[in-house]
Amino acid sequence: MNSWDHFQNRWNHLQSADIGRNAVDLAALTAELADLEKLMVYVVANAALGQPLTVDDPVVRGFLKLARVEDPRRALLELVANIRHQHSPRVVACPKCGAGVRDVIGVTDERCQFCGATLSTSD
């Protein structure tokens, strides 16, 4: 086997593995989308019938994975807080000059745009 055949064979093997992983990921996304569609139908049907949803509703608890949680209300409040935090910018005070510095999600070392100080944040 010459070197070109070896590289072609290796490339084909890598592509097959990628296609396999993509197929598994696509199947998981398809299942999640089906679950979301079922939940939306359930929520809209309850709203149309004038029936309120509560955290004790087994469909809601199942979808939000709160079935084994001791305090589902608290867990639901934490979920909402996490979503709210992701969409609203958090501002922290610079320890050096006191200016407001935006805490970017996923960045742990923000830099103050006014004095250049480095702020260490969690997240």
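Residues numbered from 1 in each chain as written. Predicted model: local features only at pLDDT ≥ 70, side-chain atom pairs only at ≥ 80, totals over all residues. Heavy atoms only, no water.

A. Looking closely at the side chain of Asp 57. Topologically, Asp 57 is positioned in the loop between α1 (3-48) and α2 (58-63). At 2.7 Å, the side chain of Asp 57 forms a polar contact with the side chain of Tyr 42. (Helix = DSSP H or I, 4+ residues; strand = E, 2+ residues; numbered from the N terminus. Polar contact = N/O pair within 3.5 Å; in protein donor to acceptor, adjacent residues only side chain to side chain.)

B. Structural context of the pairing of strand β2 (residues 100-103). Residue alternation in β2 divides its side chains into a buried set, Val 101 and Asp 103, and an unburied set, Gly 100 and Arg 102. Pairing geometry for strand β1 (residues 90-93) and β2, over four bridges, is antiparallel. The residue bridging Ala 93 from the neighbouring strand is Gly 100, located in β2. Hairpin connection from β1 to β2: six residues lie between these consecutive antiparallel strands, with Gly 98 at a positive phi of about 85°. (Buried < 20%, exposed > 50% of the residue type's maximum accessible area, 1.4 Å probe, protein only. Pairing = 2+ DSSP bridges.)

C. How the structure looks around a nonpolar patch on the surface. A surface patch of nonpolar side chains, about 450 Å² in accessible area, is lined by Leu 33, Leu 36, Met 40, Val 44 and Phe 63. A total of four residues in the nonpolar patch trace back to one element, the largest contributor, which is α1. For Leu 36, the position within the fold is in helix α1. (Patch = residues over 30% accessible without salt bridge, like charges linked within 9 Å, V, L, I, M, F, W, Y side chains within 5 Å. Areas by Shrake-Rupley, 256 points an atom, 1.4 Å probe, with all protein chains shown as cover. Salt bridge = Lys/Arg side-chain N within 4 Å of Asp/Glu carboxyl O.)

D. Seen up close, the confidence of the model for the protein chain. Overall, the prediction assigns the protein chain a mean pLDDT of 84, with 93% of residues at 70 or greater. Within the protein chain, no element has a lower average pLDDT than helix α3 (residues 72-87), which sits at 77, and none a higher one than α1, at 88. (pLDDT = per-residue confidence, 0-100.)

E. View of the environment of Asp 103. Secondary-structure assignment places Asp 103 in strand β2. Separated by 19 residues in the primary sequence, Asp 103 and Ser 122 place their C-alpha atoms 9.2 Å from one another. If near-sequence neighbours (up to four positions away) are discounted, Asp 103 is found in contact with Arg 90, Val 92, Glu 110, Thr 121 and Ser 122. (Contact = heavy atoms within 4.5 Å.)

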